[in-house]
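Coordinate analysis (summary)
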Amino acid sequence: MRTALSRLALDGGAPVRDRPWPSYENGDNFIAAEDEEEAVTALRERRYFRYDDRPYHATHNGRLNERISALLSSRHMLACTSGTAVIALSLFALGLPPGSPVACPAFTFSAAPSAIMLVGHRPVLVGVEDDLHLDVVHLRRLIEAENVRAVVVVHVRGFASDIRAVLAAADAAGIPVVEDAVPVLGVSFDGRPLGTFGAFGAFSTQADKPVNTGEGGFLVTDDSEAYARAVVHCGGYEGRMARHFPDGAPPVSDQDHPHFAWRMDEVRAALAHSMLGRLPQRLARHRRTYDALADVLDGHDGLSLRAPSAPGAYTGQFLTMRLDRARAQDSEWYAEALCAEGIKAVALGSTRRPNARAFWNWCYLVGSDAEAARASLPHTARRIDRIVDIPLSAHLTADDRADLVRAIDKVHAAWRRRCLSQGAAV
């Protein structure tokens, strides 16, 4: 109670902590000496391009290919320069008519609609429900109303969408699904790895993803012909596509498709291959931290955590908190108060610091009138307004977790008093 009633750092009080909150921006990384050594080995080999005189399986990219394919029980894998490039390659490989309407969530990182536009298609924004998962009822309506030709479903912030419900809606319309699984490598839905449900699965190895090589990504698929087209688009020209098919390539010509040079280099492939060995350890740490925090925070009036769409279908890399009935300015104040206490926090609906996950900030798609964009999906906008998001490092200690709980207790008590003084319900 004493902590809860103490003066906020935002108002000049002493902060809960004076150490930086661990995150990739300040160098927090789940990397070991053996990972560095494998990358250095690739550097010393001086073969940075994955297509040389070696058989493909003998390259670092080839070894990564085999390891990912085994991990996900997927027939094909292709390492690329980014998760955005992977989504674009997947859509190119589907061979949809130019300008096709492609559905994607209105709550996601802006890479998803950007990749759709990069391929020359038209993003169709789907609303989200209370726990920020794609609204399948809305998706069904849009498939019919907009003649949607494909769906990009996103497992945003490490929480799986209800992929089986999305697939059922898409299958009923006879359209393919690309699974944007960039932050959920190693996570399963009903016992099956995420990223393996759709026609393509797209993953990222950038920044705060489960495997972090700075930049990078990879796709997986079981469709050999579509995979061959993706390889060509990625830069498998002059016969190089055939290297990915030691038992014989499908009848796909590398002269029939444009080349985009979105190949992963050998150094990043070596680093990713090594880091995969400790992926289960990293995910276990995230999950333990998240579950412990969820137990402690359960019961805070006016605050709830995002619920997974299936048991265990989340990474635990982000603490996504919902402030019930909050407005954007309330969530913004809450996040700023946590930051002042030494906890990195972001209000996703912030008006002063536009977040790339809020659809009304995608001016390249929805135009410059944010209020008009919000009015097109008002329920989704209000749901995003209520969210405060905190990254959870795999290195968080018991002291870090205690600091986080103390800061939330302190800020939450002040927020409740603030709301009551303004006559708002909490």
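Residues numbered from 1 in each chain as written. Predicted model: local features only at pLDDT ≥ 70, side-chain atom pairs only at ≥ 80, totals over all residues. Heavy atoms only, no water.

Let us look at the overall build of the chain. Across its full length, the chain carries 15 helices and 13 strands. The C-alpha atoms of the chain give a radius of gyration of 22 Å, which matches the 22 Å a tight globule of 426 residues would have. Considering only C-alpha atoms, the chain reaches an extent of 70 × 55 × 35 Å along its principal axes. When the 426 residues of the chain are sorted by exposure, 58% land in the buried category. (Helix = DSSP H or I, 4+ residues; strand = E, 2+ residues; numbered from the N terminus. Rg over C-alpha atoms; globule rule 2.2 N^0.38 Å. Buried < 20%, exposed > 50% of the residue type's maximum accessible area, 1.4 Å probe, protein only.)

Attention now moves to the sheet that holds strand β10 (residues 303-305). Whether parallel or antiparallel, the strands of a sheet pair through hydrogen bonds between backbone atoms. Reading across from one edge, β10-β11-β13-β12 is the order of the four strands in this open sheet, with antiparallel pairing throughout. Of all the strands in the sheet, just β10 and β12 (346-347) have a single pairing partner and so form its edges. One ladder, built from two bridges, connects β12 with strand β13 (residues 387-391); its direction is antiparallel. Paired with Val346 across the strands is Asp389, a residue of β13. Relative to the sheet, helix α15 (residues 398-421) contacts β10, β11 (318-323) and β13, its axis offset from that of β11 by approximately 15 degrees. (Pairing = 2+ DSSP bridges. Contact = heavy atoms within 4.5 Å. Axes fitted to C-alpha atoms, helices over the stretch in contact; angles between N-to-C directions.)

We now examine the nonpolar core. Leu78, Leu91, Val152, Leu219 and Phe359 are the most contacted members of the largest nonpolar core, which totals 53 residues. Every element with two or more residues in this core is listed here: β1 (76-80), α4 (83-94), β2 (101-105), α5 (111-118), β4 (150-154), β8 (200-204), α8 (224-234) and α14 (378-385). Here the element with the most residues in this core is α4; it accounts for eight residues. Core analysis: the second largest hydrophobic core is formed by 49 residues, Leu72, Ala103, Leu139 and Leu185 among them. (Core = buried A, V, L, I, M, F, W, Y, C linked by side-chain atoms within 4.5 Å.)

Turning to the pairing of strand β9 (residues 217-221), a few remarks are in order. The buried fraction of β9 amounts to five of the five residues, a majority that puts the element mostly inside the structure. Residues Gly217, Leu219 and Thr221 point to one face of β9 and Phe218 and Val220 to the other, with burial holding for every one of them. Sheet topology places β1 next to β9; five bridges connect them, and they run antiparallel. By the bridge assignment for β9, Met77 is matched with Val220. Taken together, the four bridges between β8 and β9 define a ladder with antiparallel strand orientation. In the strand pairing of β9, Phe203 is matched with Phe218.

Another aspect to go through is the packing of helix α11 (residues 328-340) against α15. Interhelical geometry of α11 versus α15 gives an angle of 145 degrees and a closest axis separation of 10 Å. Judged by the sense of rotation from one axis to the other, the crossing of α11 with α15 is right-handed. Here α11 contributes Asp330, Trp333, Tyr334, Ala337 and Leu338 to the contact with α15, which in turn contributes Ala407, Ile408, Val411, His412, Ala414, Trp415 and Arg418. Classifying every residue of the contact of α11 with α15 gives nine nonpolar, one polar and two charged. (Left-handed = near helix turned anticlockwise from the far one by under 90°. Nonpolar A, V, L, I, M, F, W, Y, C, P; charged D, E, K, R; others polar.)

A few words now on the side chain of Arg306. Looking at the element boundaries, Arg306 is found in the loop between β10 and β11. With no salt bridge to any partner, buried Arg306 finds its closest opposite charge in Asp131, at an N-O distance of 6.0 Å. In terms of polar contacts, Arg306 uses its side chain to reach the backbone carbonyl oxygen of Leu132, at 3.5 Å. (Lys, Arg positive; Asp, Glu negative; His and termini not counted. Salt bridge = Lys/Arg side-chain N within 4 Å of Asp/Glu carboxyl O. Polar contact = N/O pair within 3.5 Å; in protein donor to acceptor, adjacent residues only side chain to side chain.)

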